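These are the residues of each chain, in order.
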Amino acid sequence: MQASLSQKSKTRSEAVYDWADERLGLTEVVEIAKHKTVPSHKHSFWYYWGGISLFFFIVQVFTGILLLVYYRAGADAYESVRQITYDIKFGWLVRSAHSWSANLMVVAIFVHMFSVLFMKAYRKPREFGWWSGLILLALTMVFGFSGYLLPMDDLAYFATKVGLEIPASIPIVGDLITNIVRGGQELSEVTIQRFFALHVVILPLVYIPFLAFHLFMVQKHGNAMPPSEEAKPASERRFIRFFPDFFAKDMGMWLIALNVLAILASLYPWQLGTQADPLAPAPAGIHPEWYFMSQFQLLKVFGRWFPGMTGEVLGMAVFSIAGLLLVLIPFIDSDSKSGKRARLATYIGLGLLFGMLLTTIWGYWEV
Amino acid sequence: MLNEEIVKNIIESEEIEEGEGKDLLSRREFFWLGSGAVGAVYLGAIGYPVYQYLSTPAQRSAEAAAVTQTTLDNAANLPKKSAMMFKFGAKPAMLIHQEDGSWSAFNAVCTHLGCTVKYEPEQSRIFCACHGGVYDPVTGANTAGPPPKPLTKFNVEVKDASIIISKV
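Definitions and limits used
Residues numbered from 1 in each chain as written. Chains lettered and ligands numbered in written order. Predicted model: local features only at pLDDT ≥ 70, side-chain atom pairs only at ≥ 80, totals over all residues. Heavy atoms only, no water. Phe/Tyr/Trp six-rings, centres within 6.5 Å; stacked < 30°, edge-to-face > 60°. Helix = DSSP H or I, 4+ residues; strand = E, 2+ residues; numbered from the N terminus. Buried < 20%, exposed > 50% of the residue type's maximum accessible area, 1.4 Å probe, protein only. Lys NZ or Arg CZ within 6 Å of the ring centre and 35° of its normal. Polar contact = N/O pair within 3.5 Å; in protein donor to acceptor, adjacent residues only side chain to side chain. Core = buried A, V, L, I, M, F, W, Y, C linked by side-chain atoms within 4.5 Å. Contact = heavy atoms within 4.5 Å.

Draft legend 1. Looking closely at the packing of aromatic side chains. Residue and element names in this part refer to chain A. Counted according to the given criterion, the structure contains 28 aromatic pairs over all chains. Look at Phe-57 and Tyr-207: their rings are 4.8 Å apart centre to centre, the planes differ by 20°, and that puts the pair in the stacked class. In this pair, Phe-57 sits in helix H3 (residues 48-68) while Tyr-207 sits in helix H10 (residues 189-221), placing the two residues 150 residues apart along the sequence. A residue is classified by how much of its surface remains accessible, and Phe-57, at 11% relative accessible area, is buried. Taking 5.1 Å as the distance between ring centres and 50° as the angle between the ring planes, the aromatic pair formed by Tyr-291 and Phe-292 counts as tilted. Each of the two residues, Tyr-291 as well as Phe-292, counts as buried. Across the ring face of Phe-242, the terminal group of Lys-36 is positioned such that the distance to the ring centre comes to 5.3 Å.

Here is the structure:
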């Protein structure tokens, strides 16, 4: 009796599957998942960081929508964030998770980018994956910058004020662009309103297609093997199945990421300062978010060494060149096609990494 | 593939509940049972704060609706043959100073479909513009149109310049 009932439910679920399969082509997807493999070697750990970045992005979408329920842009911005933080039940946690996850997402993306760079995964045919990744990194930083202002407390206000010095130092058009972005010569409710529109409408609208393209590229070309693996004969290379083996590990990483986020967000809740006052003096040691510190410090020291426009132009030039090197690296690196390590690309990567670390630490040292 | 596994699992666990076959869980069953339990804990740990977060205003308005009395400062100055609107808890309410000097107060929500009603002194009636419901301005009785019930009446107590409204 029991057996025949189970038999019946099985055929019913099979029938539902067949019905959906005919219309959606599920079997094709299952076939792809069955045959997809991921290289397994001593550097495999770095394969998870793109997925971790994606996880934090999903958290951002989820917590961002929750914040949107109570957040009010414009003159009421600070008051609404105060309510979220102190009045609404668990509002502090939602806001804290959003802020922490934003920072962790930037960390994960940087780790992902440098691991891709050092594993030379930008090489043919993956150039477009690399470039779309760079665009996503840039958009993520604009996400962070625009979101940082929205609570409109003193830190947000002054950090945005000094952060806007970066676009303002673009030669000739810098001031014009900055005034348009800011909606005037001073930070005001107008700025919050447009940063809000940027943060919750324009950026997601631009970000998601690039993200979809980026993921499509990963799916199309699969995970890249580092040159050290390519140098091995095919018989010595090892692979694991994407599904369920790699997928399960990926989900394990997401679980770790979730736990780290939960611990940080609940034990170190994101603080809300006092309401921004344009007439109040800036608190000591004001600086932009850590992921802008490198650029900020470059501008600062070049301004010190070469007073006036020259310093700004030189500072801008240095990180434009850094950005350009990242964009052009698939063309610079032509040696490793044969499986040889591309020394130049490695040196450029190391130079960028240590340059960024050094200027960031230097920046915090001077704060 | 996953589908089949789940279905198979369900079948296997059903068998165990029935006491047929093995006494102990298989590794696979233990894994899925454990994952399911852990997943449920995580879902609860995320779901509970989210529910509380989203329902805070609903809880607050339920608390506000629980009031039984409210004081309207200086409302005794209201001219005769006129009305003022106020909030009783979370809902709109209406205080009418009658021509003969007496007072009435009602819940100002139409008993038909919930529109806010209006006092019309010229026609001595309370009127709902949505579907033409008419109430008596002294008793709150539904006198014409679709309303099925009279307006809820409140007690009115004049104390110096203030007026205290309370539930009957």
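Draft legend 2. Spatial organisation of the environment of Ser-35 of chain B. Within the element layout of this structure, Ser-35 of chain B appears in helix H2 (residues 27-65). At 2.7 Å, the side chain of Ser-35 of chain B forms a polar contact with the backbone oxygen of Phe-31 of chain B.

Draft legend 3. View of the nonpolar core. Judged by nonpolar contacts, the single largest core of 81 residues is most densely connected at Phe-56, Tyr-71, Trp-130 and Tyr-207 of chain A. One finds Ala-75, Leu-78, Phe-86 and Ile-163 of chain B within the second-largest nonpolar core, a separate group that totals twelve residues.

Draft legend 4. Summary view of helix H7 (residues 154-163) of chain A. Residue and element names in this part refer to chain A. The buried fraction of H7 is high, at seven of ten residues. Among the residues of H7, Ala-156, Tyr-157, Phe-158, Ala-159, Thr-160, Val-162 and Gly-163 are the ones counted as buried. Turning to H7, the residues buried within the fold contact helix H6 (127-149), helix H8 (165-168), H10 and helix H13 (290-305).

Geometry only, nothing functional implied.
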